[in-house]
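Summary of the model geometry
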Amino acid sequence: MQQHEESYSKTKRLRNQIISVITNPYNIIVLISIILLVYLIVVPLIDMIKTTFTMAQRDSMRAGIETGSFTLYYWKRLLASGLSFNMLYQPLLNSLMIGFFVSFFAIAVGSILAWLMVRTDLPFKSFFSLAVIIPYMIPSWAKAQAWLTVFKTERIGGAKGFLAGLGISTPEWLAYGPVAIIIVLSLHYYAYAYLLVSSALNSINSELEEMGEIQGANKSVILRKITIPLVLPAMLSAVILTFSKAIGTFGVVNYLGTKVNFVTLSTQLYSNDKSQNTETAFAMAILMILIASLSVFINQKLIGSRKSYATIGGKGGRSTLLELGTFKPLITTLVIVFFAIGIFLPIGILIADSFMLKEGTYALSNFTTYYWIGDGSRKDIMEGVPGILRNDQFFNALLNSIKLTFVNGIFGTLFGQIIGYICAKGRGKLHGKIVEQLVFIPYLIPSIAFGGIYLSMFSTPKQLFGVTLIPSLYGTFALLTLVSVVKHLPMSSRAGTSNMLQIGGELEEAAEIEGAGFFKRFIRIVFPLSKGGFVSGFMLIFVSIMKELDLIILLMTPKTTTLPYLAFTYQGNNSPQASNCVAIVMFLIVFLVYALANIFGDADLAKSMGG
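Residues numbered from 1 in each chain as written. Predicted model: local features only at pLDDT ≥ 70, side-chain atom pairs only at ≥ 80, totals over all residues. Heavy atoms only, no water.

This part covers the nonpolar core. Membership of the largest hydrophobic core comes to 158 residues, with the highest contact counts inside it found for Leu256, Phe339, Tyr454, Ile553, Leu563 and Val582. Broken down by element, the residue count for this core peaks at 15 residues, all from helix α12 (residues 178-202). Apart from residues no more than four positions distant in its own chain, tyrosine 454 is found in contact with Leu40, Pro44, Ser459, Leu479, Leu482, Val483 and Val486. (Core = buried A, V, L, I, M, F, W, Y, C linked by side-chain atoms within 4.5 Å. Buried < 20%, exposed > 50% of the residue type's maximum accessible area, 1.4 Å probe, protein only. Helix = DSSP H or I, 4+ residues; strand = E, 2+ residues; numbered from the N terminus. Contact = heavy atoms within 4.5 Å.)

Laid out in structure tokens, this is it:
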């Protein structure tokens, strides 16, 4: 009888524990989050892979294989056919070359600037610290527009660039092709290295370097043996960020490479997708994902295998600045010239070019406001379309961009904070690791490929047992919102995790002891304490999506056109002045958002902006 009661008691306790686990609000949120992440990230990825092994109807007769059957046709066509070199291997080599050189130059420039700003007595640091983040505010494709305005030649560009207009002959390899692409992307992505390396240098006590100097080591030895090893993890992280973005970039390569037949995996993927060769495009996307995954794996191995050094201890740290001495005027001048040429000149060029009636003519009579406020009476300009400030298409794109950024800013930040909460509270636990790994996957998928996946997945209704659960989303604002939120989850969740880790767990524990339920604790304690991070995440997503082109270019319709796509369209229609006008408006919006972020005291925004 006693054994029966003990058995019943154990069964009852187990049942109560199971009920407690199932009904725990935190566990429910974790379960729902995992289900949504799997459906929105893993399922599209599996669907993309499956598509590459499924015979499409348009190719079934040519291949002699039944539609819908399993096939290696597309992989053979991509990897081992007469088309393989032009379709895959040449674009692959071009992508790897761009990624390698952009990473090398961007890391070198960013690391040197970080060292000068943090470790030396370089003057005008307040001004330089503002100038260094401006590349984040200008889309990379806008820099490509500025580059063309300066260097393009009449033979390829159709009009003289700034230098050609002054009678200065410029070689075509400088205007178009890999050299131009590498320079433009390096000037855009160097800030990754600067932000990461400067943060690492700020955390290092200068006494470590001073001890080396006391032991008789010269400055070059100290730099090689002490400073660089300490900031190596930050530099490697910057390499991965830069390399993965450079090999997947579309806008810059399209602007500077298309006219000289310089193609990369991203432009080739775009071309295949636009030609309805979805299976081949997805196969290329999978290869790009594997390359990005391999680079991350190598990065983790390099960081994991290096020796670890403790640089922050219980004693107070100090930082003694290195005196530049007689080199200070020269180095200061070089830094000013770099910022002037690499940052402020492109902005000035875009503004000046937007007021030029005809490119390459620099007489005062050629300057006009037509591309801004023209009435559309000139049929030879913009195909008779009015200037952007009198153009319904522009205001539609402006409204779409603002609506998209605000909606995504709110939903993306909210989801990012929730996922960040799960990752922070579940640190070291299985569910925390699962969520963290799931949200990292979109980072590995190139933006243009990610947009293609969602286009394929949601262009037809989703049914279950004959019931339509999700209608076709093609051409809708909902699809743009969905793809933007999911693609930026790695960014928003990382910001959310960092924010939640700063909130002490004892605050929730004390409230729980007082009888406060989960949702009451979250609303009354967690959310108020994380509102600063919420503003940061919102601003970050707002700025990123405002500049986004690669992710949404395959999803655009006239109704859903955004500012980046409108600028891309104007450029393709030989109206670069109108494209520059749109780029300037975008820059002003982004700059305004950044200024507001500073007013709210959001100093971390500059460390997060990108794209």
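A grouping of Phe100, Phe101, Phe104 and Phe105 is seen on the molecular surface, where their side chains present a nonpolar patch of about 410 Å² in accessible area. Summarising the element assignment, phenylalanine 105 is placed in helix α5 (residues 84-119). Residue classification places phenylalanine 105 among the partly exposed positions, given a relative accessible area of 39%. (Patch = residues over 30% accessible without salt bridge, like charges linked within 9 Å, V, L, I, M, F, W, Y side chains within 5 Å. Areas by Shrake-Rupley, 256 points an atom, 1.4 Å probe, with all protein chains shown as cover. Salt bridge = Lys/Arg side-chain N within 4 Å of Asp/Glu carboxyl O.)

One non-glycine residue, phenylalanine 124, lies in positive phi territory at about 60°. If you trace the backbone, phenylalanine 124 turns up in the loop between α5 and α6 (125-131). Residue classification places phenylalanine 124 among the exposed positions, given a relative accessible area of 52%.

Below, the discussion takes up the packing of α5 against helix α18 (residues 328-353). Remark: α5 packs on α18, axes separated minimally by 12 Å, with the N-to-C direction vectors making an angle of 130°. One way to sum up the angle between α5 and α18 is to call them oblique. The hand of the α5/α18 crossing is left-handed. Contacts from Val109, Leu113 and Leu116 of α5 reach α18 at Ile331, Val335, Phe338 and Phe339. Classifying every residue of the contact of α5 with α18 by side-chain character gives seven nonpolar, no polar and no charged. (Axes fitted to C-alpha atoms, helices over the stretch in contact; angles between N-to-C directions. Parallel < 35°, antiparallel > 145°, perpendicular 65-115°, else oblique. Left-handed = near helix turned anticlockwise from the far one by under 90°. Nonpolar A, V, L, I, M, F, W, Y, C, P; charged D, E, K, R; others polar.)

A separate point is the environment of glycine 376. In this fold, glycine 376 is placed in the loop between α19 (370-373) and α20 (392-425). Remark: the alpha-carbon pair of glycine 376 and arginine 390, spanning 14 residues in sequence, is separated by 8.8 Å. The contacts of glycine 376, once residues within four sequence positions are left out, are Tyr370, Gly384, Val385 and Pro386.

Turning our attention to the packing of aromatic side chains. Taken as a whole and assessed by the stated rule, the structure comprises 26 aromatic pairs. Where phenylalanine 101 meets phenylalanine 105, the ring centres are 6.4 Å apart and the plane angle is 20°; that geometry is what we call stacked. One end of the pair is phenylalanine 101 and the other is phenylalanine 105, both in helix α5 and four residues apart, which spans about a single turn. Owing to a relative accessible area of 32%, phenylalanine 101 belongs among the partly exposed residues under this scheme. (Phe/Tyr/Trp six-rings, centres within 6.5 Å; stacked < 30°, edge-to-face > 60°.)

Let us look at the confidence of the model for the protein. Of the residues in the protein, 78% have a pLDDT of 70 or more, and the chain-wide mean is 79. Segment residues 601-611 is flagged for pLDDT under 50; beyond a separation of four residues in sequence, or across chains, it makes 27 contacts in the model. (pLDDT = per-residue confidence, 0-100.)

Moving on to the packing of helix α8 (residues 140-151) against α12. Two elements in contact, α8 and α12, have axes separated by 10 Å at closest approach and are oriented at 130°. With respect to α12, the element α8 is oriented oblique. Relative to α12, the crossing made by α8 is right-handed. Facing α8, whose interface residues are Ser140, Lys143, Ala144 and Trp147, α12 presents Ala180, Ile183, Val184, Leu185, Leu187 and His188. Of the residues contributing to the contact of α8 with α12, the split by class is seven nonpolar, two polar and one charged.

Now for helix α22 (residues 447-458). Residues spaced three or four apart along an α-helix face the same direction, because each turn holds 3.6 residues. Between its first and last C-alpha, α22 extends 17 Å over 12 residues, near the 16 Å set by a 1.5 Å rise per residue. Among the residues of α22, those classed as buried are Ser447, Ile448, Ala449, Phe450, Gly451, Gly452, Ile453, Tyr454, Leu455, Met457 and Phe458. (Expected span 1.5 Å × (residues − 1).)

Quick look at the pattern of salt bridges now. Within this structure, the stated rule accounts for four salt bridges. One salt bridge connects arginine 58 with aspartate 59, and the closest N-O pair in it is separated by 3.7 Å. Judged by its relative accessible area of 40%, arginine 58 falls in the partly exposed class. On the basis of relative accessibility, which here comes to 4%, the residue aspartate 59 falls in the buried class. Several salt bridges share partner residues, and in doing so they unite Arg58, Asp59, Arg62 and Glu279 into one network.

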